[in-house]
Amino acid sequence: MTWQQRITTALDKRRAEQAFRTRIVGECDAAGFIHQGVRYRNFSGNDYLGLSRHPAIVQAWQQGAQRYGVGSGGSGHVTGFHQAHHQLEQTLAQWLGYPRALLFISGFSANQAVISALMQKEDWIIADRLSHASLLEAASLSPATLRRFHHNDVDALKTLLEKPLQGQQLVVTEGVFSMDGDCAPLAEIAAAKHNALLMVDDAHGIGVLGEDGRGSCAAAGVKPDILVVTFGKAFGLSGAAVLCSEDIADYLLQFARHLIYSTAMPPAQAYALQTAVAVIQQAEAQRATLRRHIAYFRSQMAGIPLSLAASTTAIQPIIVGDNHHTLHLAARLRERGMWISAIRPPTVPPGSARLRVTLSAAHDERDIDALLEALYDVTRQ
Ligand SMILES: *Cc1c(COP(=O)(O)O)cnc(C)c1O
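Since this is a predicted model, take the numbers as computed values, not measurements. (Residues numbered from 1 in each chain as written. Predicted model: local features only at pLDDT ≥ 70, side-chain atom pairs only at ≥ 80, totals over all residues. Heavy atoms only, no water.)

For the rest of this paragraph, the subject is the nonpolar core. Formed by 78 residues in total, the largest nonpolar core has its most connected members in L92, F235, L290 and F297. Each of two domains, domain 1 (20-49 + 283-379) and domain 2 (55-281), supplies a minimum of three residues to this core. When neighbours within four sequence positions are excluded, F235 is seen to be in contact with L51, W95, I206, T230, L273, A276, V277 and I280. One finds L102, A139, V228 and A249 within the second-largest nonpolar core, a separate group that totals 29 residues. (Core = buried A, V, L, I, M, F, W, Y, C linked by side-chain atoms within 4.5 Å. Buried < 20%, exposed > 50% of the residue type's maximum accessible area, 1.4 Å probe, protein only. Domains from an automatic or database assignment. Contact = heavy atoms within 4.5 Å.)

This part is about the pattern of salt bridges. Taken as a whole and assessed by the stated rule, the structure comprises 16 salt bridges. For R41, the salt bridge identified is with D367, shortest N-O distance 2.6 Å. Residue R41 is located in strand β3 (residues 38-42), and its partner D367 is located in helix α14 (residues 365-379); the two are separated by 326 residues in the primary sequence. A residue is classified by how much of its surface remains accessible, and R41, at 28% relative accessible area, is partly exposed. R336 is the salt-bridge partner of D377, the closest N and O atoms lying 3.6 Å from each other. In this pair, D377 sits in helix α14 while R336 sits in the loop between α13 (323-335) and β13 (338-339), placing the two residues 41 residues apart along the sequence. Take D377: its relative accessible area is 30%, and that puts it in the partly exposed class. What makes R336 partly exposed here is its relative accessible area of 28%. Salt bridges sharing common partners tie together R100, E246 and D250. (Salt bridge = Lys/Arg side-chain N within 4 Å of Asp/Glu carboxyl O. Helix = DSSP H or I, 4+ residues; strand = E, 2+ residues; numbered from the N terminus.)

Further remarks concern unusual backbone geometry. Note on backbone geometry: most residues besides glycine have negative phi, and most peptide bonds are trans. Following P345, the chain continues to P346 via a peptide bond in cis, the omega torsion being 10°. Tracing the backbone through its elements, the reader meets P346 in the loop between β14 (341-343) and β15 (353-358). Positive phi outside glycine occurs at Q36, with the angle close to 50°. Topologically, Q36 is positioned in the loop between β2 (32-35) and β3.

In space, the 4 strands of this open sheet follow the order β1-β2-β3-β13, with mixed pairing throughout. Since the sheet does not close on itself, it has two edges, and those belong to β1 (27-29) and β13, each with one partner. As defined by bridge partners, β1 adjoins β2 across 3 bridges and the pair is classed as antiparallel. Residue pairing in the sheet places D29 in a bridge with G32 of β2. (Pairing = 2+ DSSP bridges.)

Our next topic: the environment of D201. Along the chain, D201 falls in strand β8 (residues 197-201). Remark: the alpha-carbon pair of D201 and N111, spanning 90 residues in sequence, is separated by 8.1 Å. When sequence neighbours within four positions are dropped, the list of residues in contact with D201 reads N111, H132, L135, T173, E174, G175 and V228.

How big an interface is tends to be stated in terms of the accessible area lost upon association of its parts. Partitioning the protein chain into domains gives domain 1 (20-49 + 283-379) and domain 2 (55-281). Using C-alpha coordinates to define each centre, domain 1 is positioned 26 Å away from domain 2. Contacts between domain 1 and domain 2 engage 20 residues on the former and 21 residues on the latter. Of the roughly 1,400 Å² buried between domain 1 and domain 2, counting both surfaces, carbon and sulfur atoms make up 58%. Of all residues in domain 1, Y48, R287 and T313 bury the most surface against domain 2, accounting for 30% of the area lost on that side. One salt bridge connects D180 with R354, and the closest N-O pair in it is separated by 3.2 Å. Partitioning the side of domain 1 that touches domain 2 into residue classes produces 11 nonpolar, 5 polar and 4 charged. (Buried area = accessible area lost by both parts, 1.4 Å probe. Nonpolar A, V, L, I, M, F, W, Y, C, P; charged D, E, K, R; others polar.)

Here it is as structure tokens:
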């Protein structure tokens, strides 16, 4: 097969499966998505607390850019590690109760860095089978063996952990699952892990759950060996941090290539994130609004013949199954002014295509009512 044939065959297959992905030019404002001059109500975002346009955070980024310029100028290992990064790492470590925090440019790179730096050939990565692509991809690229356990099944995890092994074991899960919205049984997993290291990716829990928004682990009273938090969701910015012990942090600084061979985040962004942490700590009103929206949406969905997943978080997926039907529903909802993504395999397991509804504190009751009305309408066509 030539290169050209290989590429067109793959594209044709994607199209035939109704799984072809395209990007859409648009702009998010608080609870809306503007596309080709039309404003839709946005139920696809991850800006759970509505902070992406928070005036104090926007102002901090502007101030940071004025003071420090727009780029870091290098890897953190050379000249790119600024006082703003150092302070943010200390603030995060203190807030989340860890000796150390290390900043990364994204959650994707943080997950790749941790797994590729830690894992060796004789080791096992024992991961929930619905873990995020960045985790599973890092695991399958690493020399270690990837063992996936049935979603949230602690007994299945225990069975894998009991296998005698030459090397070490890393248990991987998420606080809140990104495509399902359900939470991992973190306390049971932490109790079961024995000598394994536990790594929890809390991209969707940080800022939203737990006291002061400390996330899923704080809510469950668990302190994993490695906690990954990301700033592209509830924080409303982007970037990530790994929370860990002194020794693991020092080890990552030696061996995590994503840190060493990559330009550090702009110090202005770290400065804005510092303000975002302070805003998140005080965001109890936004968290309460979000909880109210979730409860209201779920109670009203009881009267609509659609299959809502069992989730208590801002991610409220409606499982449809068939790709074509999911796309059809998303298009009908769009005609009614609702922006909701149709999530299809391979992002989710085959036969479980879904409308991934996400709620935000930036929505108001009218937004939720409009969504419910639109969902009701499309089931009657
Ligand atoms: C979004 C997400 C990531 C990736 O984080 P980015 O900062 O967007 O790269 C990692 N893990 C989970 C569970 C996510 O939802």
